[in-house]
Structure formats: C-alpha cells, structure tokens
Amino acid sequence: MIYKVYYHENVHQVPVRENTKSLYVEAETEKAVRDQLRDRQIMIEFIQKLEGEHLEYEQASQDFQVEQV
C-alpha cells in the first residue's frame, strides 16, 4: 500500500499548515511507515492511506514519487 505522509521538518517548532510537506511511502501498515521514518528528524502530522481514485489522482501529479526507505 502507498501512504502519503504530511510532516514538518522542524520538530521543535509549532506546526504551521503553510510549512507542511508531504512524501509518499510504500508499506504494509501505518505503523510500518512510522517505523521506517523513525530515524528522520521530522514531525509527522498525519499519515493517509491512498487507494482507488485518490491514489490515481496522486499518481497523476508530477510530484508523485514513492520513497524507498
């Protein structure tokens, strides 16, 4: 499954929506995504499972690139 992770690069700052970034990760579960990203210095705001038409929409974006973690 593919998950979209919304995150902030600065873990010591209050989250601001305008500074939210995202990345795509392939994993079996949301917990596996968190485990894979544990070593990175990022503050995860939300993890969203992508499937069906939503996944197709995201794949059509030029920014869609699944990270290998």
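Novice: Sorry if this is basic, but what is going on with the packing of aromatic side chains here?
Specialist: Throughout the structure, instances matching the rule amount to two aromatic pairs. Ring geometry for Tyr-6 and Phe-46: centres 6.2 Å apart, planes at 35°, overall tilted. Of this pair, Tyr-6 sits in strand β1 (residues 2-8) while Phe-46 is found in strand β3 (residues 43-50), placing the two residues 40 residues apart along the sequence. When the ring of Tyr-24 is compared with that of Phe-64, the centres are 4.7 Å apart and the planes differ by 50°; the resulting orientation is tilted. Here Tyr-24 is found in strand β2 (residues 21-26), whereas its partner Phe-64 is found in the loop between α2 (52-60) and β4 (66-67), with 40 residues between them in sequence. For the residue pair Tyr-24 and Phe-64, the accessibility class agrees, reading buried in each case.

Novice: Help me understand the nonpolar core in this model?
Specialist: In summary, soluble globular proteins display a tendency toward joint burial of nonpolar side chains. Counting 10 residues, the largest nonpolar core is built from Tyr-3, Val-5, Tyr-7, Leu-23, Val-25, Ala-27, Val-33, Leu-37, Ile-42 and Ile-47. Those elements giving two or more residues to this core turn out to be β1, β2 and α1 (30-37). With three residues, β1 is the largest single contributor of residues to this core. With five residues, the next largest nonpolar core counts Ile-2, Leu-50, Leu-55 and Phe-64 among its residues.

Conventions and cut-offs
Residues numbered from 1 in each chain as written. Predicted model: local features only at pLDDT ≥ 70, side-chain atom pairs only at ≥ 80, totals over all residues. Heavy atoms only, no water. Phe/Tyr/Trp six-rings, centres within 6.5 Å; stacked < 30°, edge-to-face > 60°. Helix = DSSP H or I, 4+ residues; strand = E, 2+ residues; numbered from the N terminus. Buried < 20%, exposed > 50% of the residue type's maximum accessible area, 1.4 Å probe, protein only. Core = buried A, V, L, I, M, F, W, Y, C linked by side-chain atoms within 4.5 Å.

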